[in-house]
Amino acid sequence: GVLYAAGAVLAWLWIIRRSRSMDLPDDQLFNLCFYSLLAGLLGAKLFLILVEWRYYLNNPMEILGTLRSAGVLIGGVVAGAAVFVFYCRRKGLPTLALADAFVAPLAAAQAVGRLGCFSAGCCYGSPGGGPVAVTFTDPVAAAQTGVPLNIPLFPTQLTEMSADLVLAAVLTLMWRKKVSPPGTVLWTYVLAYSFLRFIIEFLRGDAVRGLWLGGALSTSQILALIAGLVAGAMLLRNRRRQATESDHG
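What you see is a predicted model; the values in this text were computed from it and never measured.

Conventions and cut-offs
- Residues numbered from 1 in each chain as written.
- Predicted model: local features only at pLDDT ≥ 70, side-chain atom pairs only at ≥ 80, totals over all residues.
- Heavy atoms only, no water.
- Helix = DSSP H or I, 4+ residues; strand = E, 2+ residues; numbered from the N terminus.
- Buried < 20%, exposed > 50% of the residue type's maximum accessible area, 1.4 Å probe, protein only.
- Core = buried A, V, L, I, M, F, W, Y, C linked by side-chain atoms within 4.5 Å.
- Contact = heavy atoms within 4.5 Å.
- Axes fitted to C-alpha atoms, helices over the stretch in contact; angles between N-to-C directions.
- Parallel < 35°, antiparallel > 145°, perpendicular 65-115°, else oblique.
- Left-handed = near helix turned anticlockwise from the far one by under 90°.

Undergrad: Is there a simple way to think about the environment of Arg176 in this case?
TA: Along the chain, Arg176 falls in helix H7 (residues 156-176). Exposure remark for Arg176: the relative accessible area of 64% places this residue in the exposed category. Considered as a pair, Arg176 and Ala101 are 75 residues apart in the sequence and their alpha carbons are 9.2 Å apart.

Undergrad: I tried to follow the nonpolar core on my own but got confused; where do I start?
TA: Nonpolar side chains tend to gather and get buried jointly when the protein is soluble and globular. Counting 36 residues, the largest nonpolar core has Leu32, Phe84, Leu93, Leu98, Phe102, Leu171 and Tyr189 as its most contacted members. Among the secondary structure elements, those contributing two or more residues to this core are helix H1 (2-20), helix H2 (26-51), helix H4 (73-91), helix H5 (95-120), H7 and helix H8 (184-201). Counting residues per element, this core draws most heavily on H5, at nine residues. When residues no more than four places from it in sequence are discounted, the contact partners of Leu93 are Leu24, Gln28, Leu32, Tyr87, Cys88 and Leu98. Judged by nonpolar contacts, the second largest core, of six residues, contains Tyr124, Val134, Ala141 and Leu153.

Undergrad: What exactly am I supposed to notice about the packing of H4 against H5 here?
TA: Helix-helix packing is characterised by the crossing angle of the two axes and by the distance between the axes. At a minimum axis distance of 12 Å, the contact between H4 and H5 shows a crossing angle of 155°. As judged from the angle between their axes, H4 and H5 are roughly antiparallel. With respect to the hand of their crossing, H4 and H5 are arranged in right-handed fashion. Contacts between H4 and H5 involve Leu73, Phe84, Val85, Cys88 and Arg89 from the first element and Thr95, Leu98, Ala99, Phe102, Gln110 and Arg114 from the second.

Put into structure tokens, the structure is as follows:
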């Protein structure tokens, strides 16, 4: 939870710095970041409760235990994005341009959050991993997250952390080059992260994230599939629109 919050603060500071270069009101930028991050933190915990609703229905007092947990990351991203869009539209802010600026810091924050997952032992991988396998030995981690002890596991948390950092670097280059039209960096992030998350889910060994279709897919994979299809369609639409404008020009 501490590392998840640290990632959120890192993203906040980076976003504020980027947004100021766009000559937008400081108070609106502050509120936009605050409400989006708050929604992300609450959404991640709410999503955890929804995914494990049977457990929390039978153990309602355990809901208080989510205060110590980062929650489900993809739930936080969805909730934060919804509040982000709502606030931008209400205040007349350039939604797509700001989203392009925000996604690299978001990817970096996710990387820090995955380091938090690794530290706690949650989101652990399936048995195996060969030379890169990690082995958890702390009984506290097993009690809190269910991670199996003294068994080599694939390092899904560190794998996603590394991929998120690479994604943050690529998105930063795209933003600095001012790729057009607005929204291109955003949809590139959504498509890339959805693909990454869909693949990594196959390597995870925990079932807390919710499994469907006889365990074939997780909740995150279903959401990632939907998000990836939408992102691909938006990027294709933007490309066709640019080509049409170039022909008319």
